[in-house]
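This is what each chain is made of:
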Amino acid sequence: MGYEKSIEAFEAAFKVIPGGVDSPVRAFKSVGGTPPFIARGEGGYLYDIDGNSYIDYVQSWGPLIFGHNDADIKAAVLAAVENGLSFGAPTTIETELAIEIVGMFDTIDKVRFVSSGTEAVMSALRLARGFTGRDDIVKFTGCYHGHSDSLLVQAGSGAATFGNPSSPGVPADLTKHTLLAQYNNIESVKKCFADSEGIACVIIEPIAGNMGLVPATEEFLEGLRALCDEYGALLIFDEVMSGFRASLTGAQGISTVKPDMVTLGKVIGAGMPVGAFGARAEIMAMLSPEGPVYQAGTLSGNPVAMAAGLASLKKLKAAPGLYDELNSRAVKLMKGFEEAAAEAGLGLVTDTRGSMFGFFFSDKPIHSFEDALGNDTATFAKFHQGMLNEGVYLACSSFEAGFISTATSDEMIEATIAAARKVMQNLGK
Ligand code: KE4
């Protein structure tokens, strides 16, 4: 694998873009090496500007459940582009996509579209505070909900990757209402409720993908539901990543626990900038212009992005057995990684949920961010680099999840397992 053109491109980017990237995790800082600059994607593959090809398990961090350049989604986007890119006025396609989402989630009566997951979560928090009249929120160490100020506290994903989970530039006044609890530890949540004068909401990734893949236990989610009911707080499931990835309705398709609000993103834009938040009608009625809680966006509900998302969701709805099929491939991949690690004498723990998978170089199970922080990130970095050189594009941090798309064939899975066996053998020496 030669990376000469990407090295040049990275140097050029670095001169005009902070860190050479528009989102920190893409810089490969925690795994080393130069991030390949991508020329195009096709099906289950990425192609970089040096002509290297990679089996892609990142899929733009989740959105591309049908792989790159899906014909149906591309056709829908091109047709929408013919009518113009944006109007700043209502369009019927926004209603169409909203109807699809409302029809899928029994916890959502109304939904508002925005342009990113960060916006969706930031808006949902404001709505929860406006609805309850309370200021405090509870989040969990290791969960990442985008980069809005009050949530950049002990966050996961890139924040954890760089070891600065609480960012400079966020005044203490903006985080003093953010209470921290430990994932899968209900006693830590009870303490937050006991310490607070009024909690507006508890926000959680019900299947965390930003500390690596770490699902919440059903018992824990039931405990959160009970506490929120007891204290009159709203339970928010941040399913920006797990939505349409763990199942058609994310964690809600697997757990019996129902949230009061849901945030969505990634797959609902199919690679175009879309986020969304939804809840029952009485909560959403608080949102401007129906109610007093203000929220807005120039490109919210952009018709081209809506067309991409609508095409993606319609395809998902038309393939009911899809998630079992994608999960069987995820399980096959993780089993192959486990066998390769065992042969190489390396400790490896893995998990899957629907089309999502995760693995840690660890001898102990991982049930929280504190557990995840103990994983062998140095071995992960060497593994990542070795797999890249074998033409496999994995998430460039152990605090991320991986994804199977419909374009991830069995042959690709087998080739990836063979590459993992080869790379791990070298690691084990
Ligand atoms: P965006 O603002 O990046 O669209 O969404 C923020 C967000 C909110 N909630 C959850 C559960 C998320 O996973 C995310 C974003 N995920 C990361 C990947 N771990 C995006 C990748 C990046 O930051 O470049």
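Residues numbered from 1 in each chain as written. Predicted model: local features only at pLDDT ≥ 70, side-chain atom pairs only at ≥ 80, totals over all residues. Heavy atoms only, no water.

Q: Would you explain the overall build of the protein chain in this entry?
A: For the protein chain, the count of helices and strands is 14 helices and 16 strands. Within the protein chain, the fraction of its 429 residues that count as buried is 56%. If you take every contact in the protein chain between residues at least 6 apart in sequence, the share linking residues at least 24 apart comes to 72%. Averaged over its 32 positive side-chain charges, the protein chain has a centre that lies 2 Å from the centre of its 50 negative ones. (Helix = DSSP H or I, 4+ residues; strand = E, 2+ residues; numbered from the N terminus. Buried < 20%, exposed > 50% of the residue type's maximum accessible area, 1.4 Å probe, protein only. Contact = heavy atoms within 4.5 Å. Lys, Arg positive; Asp, Glu negative; His and termini not counted. Charge placed at Lys NZ, Arg CZ, Asp CG, Glu CD.)

Q: In this structure, what is going on with the packing of helix H3 (residues 92-104) against helix H10 (residues 303-317)? I would like to understand it.
A: Geometrically, a packed helix pair is captured by the angle between its two axes and the distance between the axes. Packing of H3 against H10 brings their axes to within 9 Å, and their N-to-C directions diverge by 35 degrees. The handedness of the crossing between H3 and H10 is left-handed. Touching Ile93, Glu94, Glu96, Leu97, Glu100, Ile101 and Met104 of H3 are Pro303, Met306, Ala307, Gly309, Leu310, Leu313, Lys314 and Lys317, all from H10. Partitioning the contact of H3 with H10 into residue classes produces nine nonpolar, one polar and five charged. (Axes fitted to C-alpha atoms, helices over the stretch in contact; angles between N-to-C directions. Left-handed = near helix turned anticlockwise from the far one by under 90°. Nonpolar A, V, L, I, M, F, W, Y, C, P; charged D, E, K, R; others polar.)

Q: Help me understand the packing of helix H7 (residues 186-195) against helix H8 (residues 218-231), please; the structure alone is not making it clear to me.
A: At a minimum axis distance of 10 Å, the contact between H7 and H8 shows a crossing angle of 15 degrees. By the angle between their axes, H7 is roughly parallel relative to H8. Considering the relative orientation of H7 and H8, their crossing is right-handed. For the pair H7 and H8, the contacting residues are Ile186, Val189, Lys190 and Phe193 in the first and Phe220, Gly223, Leu224, Leu227, Cys228 and Tyr231 in the second. The residue inventory of the contact of H7 with H8, partitioned by class, reads eight nonpolar, one polar and one charged. (Parallel < 35°, antiparallel > 145°, perpendicular 65-115°, else oblique.)

Q: Please clarify how H8 should be interpreted in this entry.
A: In an α-helix there are 3.6 residues to a turn, and that puts residues three or four apart on one side. End to end, H8 covers 20 Å across 14 residues, agreeing with the expected 20 Å (1.5 Å per residue, within 8%). Buried residues of H8: Phe220, Leu221, Gly223, Leu224, Arg225, Leu227 and Cys228, and no others. Each element contacted by the buried residues of H8 is listed here: strand E5 (136-140), H7, strand E7 (199-204) and strand E10 (234-238). Residue Gly232 follows H8 closely and has a positive phi angle near 75 degrees. (Expected span 1.5 Å × (residues − 1).)

Q: I'm lost on the pairing of strand E11 (residues 261-265) in this one. Help?
A: The side chains of a regular strand alternate, residue by residue, between the two faces of the sheet. Of all five residues that make up E11, five are buried, and the element is covered over most of its length. Sheet topology note: the E10/E11 ladder contains three bridges and is parallel. Opposite Phe237, over in E11, you have Val262 as the bridge partner. (Pairing = 2+ DSSP bridges.)

Q: Mind showing me how you'd approach the sheet that holds strand E1 (residues 38-42) here?
A: Paired through backbone hydrogen bonds, the strands of a sheet run either parallel or antiparallel to each other. Ordered in space as E1-E2-E3-E15, the four strands form an open sheet in which the pairing is mixed. In the strand order of this sheet, the two ends are held by E1 and strand E15 (392-393), each with one partner. Looking at chain direction, E1 and strand E2 (residues 45-48) are connected through four bridges and run antiparallel. From the neighbouring strand, Gly41 faces E2, where its bridge partner is Leu46.

Q: Which parts of the structure should I look at to understand the site of the ligand?
A: Lining the immediate surroundings of the ligand are 17 residues, of which Ser23, Thr118, Asn210, Asp238 and Glu400 lie closest. Between a nitrogen atom of the ligand and a side-chain N or O atom of Asn210, the distance comes to 2.4 Å. Taking 530 Å² as the accessible area of the ligand by itself, protein coverage stands at 87%. The residue inventory of the shell around the ligand, partitioned by class, reads five nonpolar, eight polar and four charged. Both domain 1 (4-69 + 321-427) and domain 2 (71-317) contribute no fewer than three residues apiece to the shell around the ligand. (Near = heavy atom within 4 Å. Polar contact = N/O pair within 3.5 Å; in protein donor to acceptor, adjacent residues only side chain to side chain. Areas by Shrake-Rupley, 256 points an atom, 1.4 Å probe, with all protein chains shown as cover. Domains from an automatic or database assignment.)

Q: Even after reading the chapter, I still don't get the nonpolar core, so can you show me in this structure?
A: Side chains that are nonpolar tend, in soluble globular proteins, to be buried together. Ranked by size, the top nonpolar core spans 74 residues in total, and within it Phe244, Phe337, Phe359, Phe383 and Met424 carry the most contacts. Ignoring any residue separated from it by four or fewer positions in sequence, one finds Phe244 in contact with Ile65, Met104, Phe105, Gly250, Leu264, Val267, Ile268, Leu313, Leu316 and Tyr323. Within the second largest apolar cluster, 30 residues are counted, among which are Cys143, Leu221, Phe360 and Ala372. (Core = buried A, V, L, I, M, F, W, Y, C linked by side-chain atoms within 4.5 Å.)

Q: Explanation requested: the domain arrangement of the protein chain in the structure shown.
A: As far as domains go, the protein chain holds domain 1 (4-69 + 321-427) and domain 2 (71-317). The straight-line distance from the C-alpha centre of domain 1 to that of domain 2 is 25 Å. Facing the 36 residues of domain 1 at the interface are 38 residues of domain 2. Counting the surface lost from both domain 1 and domain 2, the interface buries some 3000 Å², and carbon and sulfur atoms represent 65% of this. It is Phe66, Tyr323 and Phe369 that lose the most area in domain 1 upon contact with domain 2, and together they represent 22% of the buried surface on that side. (Buried area = accessible area lost by both parts, 1.4 Å probe.)

Q: I'm lost on helix H1 (residues 4-16) in this one. Help?
A: With 13 residues, H1 extends 19 Å between its outermost C-alpha atoms, agreeing within 8% with the 18 Å of an ideal straight helix rising 1.5 Å per residue. Listed in full, the buried residues belonging to H1 are Ser6, Ala9, Phe10 and Ala13. Relative to the axis of H1, the buried residues are bounded by an arc of 105 degrees and lie together on one face. Counted as exposed and oriented over 90 degrees from the buried face of H1: Glu4, Glu8 and Lys15. (Arc of directions from axis to C-beta.)

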